[in-house]
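Examination of the molecular architecture
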Amino acid sequence: MRQWLNKLSEKNARRLAISLFTLGLLLLAIALWINFRTQDDGYTLTTYAMGSYVQQTVYGSNSEEAAQAASSAVTKLENLISWRIENSDVARLNQKAGTEFISIDQQTWDVLHTALEVCEASKGAFDVTIAPISWLWNFDEDPRLPQAETIQSLLPEVDYTNVSLLDDGTAALQTHGTAIDLGAVGKGAACDAAVSAYEDSGAERAVVSVGGSVGVYGEKPSGEPWRIALRDPDSEGSLGQLAIPTGFLSTSGSYEKQFTEDGVTYHHILDPDTGYPAESGLVSVTVWSSSGVLSDALSTACFVLGMEDSLPVLEQFQSGAVFITTDHEIYITENLAETFTLDSQTYTLAGTL
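So, here's what we can say about the structure. (Residues numbered from 1 in each chain as written. Predicted model: local features only at pLDDT ≥ 70, side-chain atom pairs only at ≥ 80, totals over all residues. Heavy atoms only, no water.)

Moving on: the overall build of the protein chain. Counting its secondary structure elements, the protein chain contains nine helices and 17 strands. A buried classification covers 49% of the 353 residues belonging to the protein chain. (Helix = DSSP H or I, 4+ residues; strand = E, 2+ residues; numbered from the N terminus. Buried < 20%, exposed > 50% of the residue type's maximum accessible area, 1.4 Å probe, protein only.)

Quick look at the packing of helix α8 (residues 292-305) against helix α9 (residues 307-316) now. α9 packs onto α8 with a crossing angle of 145 degrees between their chain directions and a minimal axis gap of 7 Å. In this structure, α8 meets α9 at a crossing whose hand is right-handed. Between α8 and α9, the contacting residues are Leu 298, Cys 302 and Leu 305 on the first element and Met 307, Asp 309, Ser 310, Val 313 and Leu 314 on the second. In terms of residue class, the contact of α8 with α9 is built from six nonpolar, one polar and one charged. (Axes fitted to C-alpha atoms, helices over the stretch in contact; angles between N-to-C directions. Left-handed = near helix turned anticlockwise from the far one by under 90°. Contact = heavy atoms within 4.5 Å. Nonpolar A, V, L, I, M, F, W, Y, C, P; charged D, E, K, R; others polar.)

Axis angle and axis distance: for two packed helices, these are the angle between their axes and the distance between the axes, and together they describe the pair. Viewed as axis vectors pointing N to C, helix α2 (residues 63-81) and helix α7 (residues 183-201) meet at an angle of 140 degrees, and their least axial separation amounts to 8 Å. By the angle between their axes, α2 is oblique relative to α7. Relative to α7, α2 is oriented so that their crossing is right-handed. Of the residues in α7, those in contact with Ala 66, Ala 69, Ala 70, Ala 73, Val 74, Leu 77 and Ile 81 of α2 are Gly 186, Ala 189, Ala 190, Ala 193, Ala 194, Ala 197, Tyr 198 and Ser 201. Grouping the constituent residues of the contact of α2 with α7 by class yields 13 nonpolar, two polar and no charged. (Parallel < 35°, antiparallel > 145°, perpendicular 65-115°, else oblique.)

Within this structure, the stated rule accounts for 10 aromatic pairs. Judged by centre distance (5.6 Å) and plane angle (45 degrees), the ring pair of Trp 137 and Tyr 266 falls under tilted. Separated by 129 residues along the polypeptide, Trp 137 in helix α5 (residues 131-137) and Tyr 266 in strand β12 (residues 264-267) bring together distant segments of the chain. Accessibility classification places Trp 137 together with Tyr 266 in one group, the buried group. Among the aromatic residues, ring-to-ring pairing joins Trp 137, Phe 139, Phe 259, Tyr 266 and Tyr 276 into one connected group. Over the face of the ring belonging to Tyr 59 we find Arg 205, whose NZ or CZ atom lies 4.4 Å from the ring centre. (Phe/Tyr/Trp six-rings, centres within 6.5 Å; stacked < 30°, edge-to-face > 60°. Lys NZ or Arg CZ within 6 Å of the ring centre and 35° of its normal.)

This part takes up the layout of surface pockets. Of the voids in this model, the second largest pocket is the one considered here, and its volume is about 240 Å³. For the lining of the second largest pocket, the secondary structure elements donating two or more residues are α2, α4 (106-121) and α7. Ranked by residues supplied to the lining of the second largest pocket, first place goes to α7 with seven residues. (1 Å grid on protein atoms, 1.4 Å probe; cavity = no way out; pocket = protein on both sides within 12 Å on 5 of 7 lines; lining within 4 Å. Points joined across faces, edges and corners; volume = space filled by probe spheres on them.)

This part takes up the sheet that holds strand β2 (residues 52-59). Strand order in the open sheet formed by nine strands is β1-β2-β6-β7-β10-β13-β14-β15-β17, with mixed pairing between adjacent strands. Where the open sheet ends on each side, the last strands, each with one partner, are β1 (43-49) and β17 (348-352). Averaged over all adjacent pairs, the angle separating strand axes in this sheet is 15 degrees, with direction ignored. Where strand β13 (residues 282-289) and strand β14 (residues 320-325) come together, six bridges link them in antiparallel fashion. Bridge pairing in β14 places Thr 286 opposite Val 322. Of the strands in this sheet, β1 and β2 touch α2, which is tilted by about 15 degrees from β1. Sheet contacts for α8: β7 (213-217), β10 (247-253), β13 and β14; angle to β13, the most-contacted strand, approximately 150 degrees. (Pairing = 2+ DSSP bridges.)

For the rest of this paragraph, the subject is empty space enclosed by the protein. Tallied over the full model, the rule gives one cavity of 30 Å³ or more. For the largest cavity, the calculated volume is near 30 Å³. Along the walls of the largest cavity sit Leu 230, Arg 231, Leu 239, Thr 251, Tyr 255, Ser 284, Thr 286, Val 322 and Ile 324, which together make up its complete lining. Every element with two or more residues in the lining of the largest cavity is listed here: β8 (226-231), β13 and β14. Within the lining of the largest cavity, the residues separate by chemical class into five nonpolar, three polar and one charged.

Structural data, given as structure tokens:
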């Protein structure tokens, strides 16, 4: 009897051990599934900065920490380069215009340096000193058609060569009437700041969008490129998709901010030569580049320049673009041609450049 009980106890013990082992494997499998699912879905965070929603999806074990770090980095940058924020570097430069050099943060210096390179390459089609004119139109708050005489009186103040940027980290505006507005590169710069935070935080991969700018970081597990949808100018739907393995995309479109007065529609992308909305036969330009600031500045420059005059500038910065014309035609630079997929039925792929 005792032997039978001993055998029964041993048998139960083995069963218990097997059950516990099986349970352990099951729990491990569940934990791995949950972890994989979490990493696959990513951590999403939406905040507000630079006058736009900042939308992030970050992947990896520390995705939440990386997303929060990126959000803080974007806010810090806004506090440096927004002319609206008292004591920002740009606000101080505008206040000190025509008087003296001041020290600015390295981030501000870097943004200005890249922006000025595009000013020079585009021969002023993109100009960071557009502020006196852009403030006049006031597209962000209360858009209105300015008096022609007022526009003409302020045009001489728009001249990027009045910005002095020295290697010692100081900068100055050479004339009293000069003022900087970095709104045309702010969203791209925000993507740069976010991607830098992902790298510092050790995120596996991420995608961030700020207004019309998008930045991607890291590689998908499948090795496939990131697929970024481009907005249809006539609707909220998708015009098409660009498949990019890395880099930044920025879009400048006439549909983003506009108003109509006396039957005429005015958009916010101003031509520094005229002080009026640019008329280049385009409704949208999307630029892919190696940095957010560069893609943002180039998208504005290309919109003002038009397709043909944009090509040498894009080549200079090893960037590519998708141009959408007022005739509903799409032209793509050769280096992006194979990455684009058309979704819309109302636009035509007209060719490569």
